[in-house]
Amino acid sequence: MPDTPMPAATADEAPDVEATDAQRALGRLLHIMARLRDPVTGCPWDREQDFATIAPYAIEEAYEVADTIARQDWDGLPDELGDLLLQVVYHAQMGAEAGRFDFATVARMIGDKMVRRHPHVFGDATLAQGQWEDGKERERAARARRGTLDNVPVGLPALLRARKLSARAARVGFDWDNVAGVMGKVDEEVAELKAELESGDKARIQDELGDVLFTLATLARKLDLDPEACLRHANAKFTRRFTEMEHDLAHRGLALRDVDVSVMEEGWQVVKRRERGET
């Protein structure tokens, strides 16, 4: 006998069968955070934190989630997601203490936003190309946004913010026609950096190096790539190759401090060839 499909949940309800355990676990977490922040019996460290001091942890935990996914550590992912959820709960508790908002406000607002942005799921509309971004643009206009680049968070990692800034500018036509155009700009910025390297002016070198990085972030956007993900991949590759090179030298009884850079470079090239299946 074929399974009878469960009726789809509406925008205002969720299946009770799935919600019970989740509600209980979330309620316990909210209670734990309230206890930690209790002005009399709470944890001294947790009590003295504020929005500004906790914010960096939210960024850190988000990157740890991304790293766990990149490593496909599915057993470790729930733990990392829990750390990230804790940051939301922490900020919600501080908001409640200040009389500004609470966790229910946060959950209700994101729920309302998801319903509003998916009329093809929760309403009668059909999905159209660009509908998500169009909806976001209308919401920004409703908040009386002053300029095209307003509300791109300053606290984002610099490469990610650069990509978002160039994407926002591109939506009003300030963009290159193709990848070749951006590559030309990369070459131009690298040439300007080389010229400033000869000057020795550190401030001007910093300015030109920033232009190179910003243009590379734009190139990543044109290639539909995340520059942060590209750099994380490069970091992981460098770490893997450097560590393997170091181990190879150790097997030969050599320590990095005892060899010059030419020996390390030779070992590095051996590792690269091994990765490519050339040795």
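These lines cover the structure that appears in this document, whether it is placed above or below.

A look at the overall build of the protein
For the protein, the count of helices and strands is 12 helices and 0 strands. Helices (α) and strands (β) of the protein occur, in sequence order from the N terminus, as α-α-α-α-α-α-α-α-α-α-α-α. Counting over 279 residues, the protein shows a buried share of 21%. Contacts in the protein between residues at least 24 apart in sequence constitute 50% of all its contacts with a sequence separation of at least 6. For the protein, the accessible area works out to roughly 19400 Å², and carbon and sulfur atoms hold 57% of it.

What to know about the environment of glutamate 189
By the secondary structure assignment, glutamate 189 is in helix α9 (residues 179-199). As for glutamate 189 and phenylalanine 214, which are separated by 25 residues in sequence, their C-alpha atoms are 9.8 Å apart. With residues up to four places along the chain from it excluded, the contact list for glutamate 189 reads Glu208, Asp211, Val212 and Thr215.

Section: the pattern of salt bridges
Applying the stated criterion across every chain yields a total of 14 salt bridges. Its salt-bridge partner being glutamate 275, residue arginine 241 comes within 2.9 Å of it at the nearest N-O pair. Taken together, the residues span a long stretch of sequence, with arginine 241 in helix α11 (residues 227-251) and glutamate 275 in helix α12 (residues 261-275) at a distance of 34 residues. The class of arginine 241 is buried, set by a relative accessible area of 11%. We classify glutamate 275 as partly exposed; its relative accessible area is 34%. Several salt bridges converge on common partners, so that one network encompasses Asp67, Arg71 and Asp73.

The rules we used
Residues numbered from 1 in each chain as written. Predicted model: local features only at pLDDT ≥ 70, side-chain atom pairs only at ≥ 80, totals over all residues. Heavy atoms only, no water. Helix = DSSP H or I, 4+ residues; strand = E, 2+ residues; numbered from the N terminus. Buried < 20%, exposed > 50% of the residue type's maximum accessible area, 1.4 Å probe, protein only. Contact = heavy atoms within 4.5 Å. Areas by Shrake-Rupley, 256 points an atom, 1.4 Å probe, with all protein chains shown as cover. Salt bridge = Lys/Arg side-chain N within 4 Å of Asp/Glu carboxyl O.

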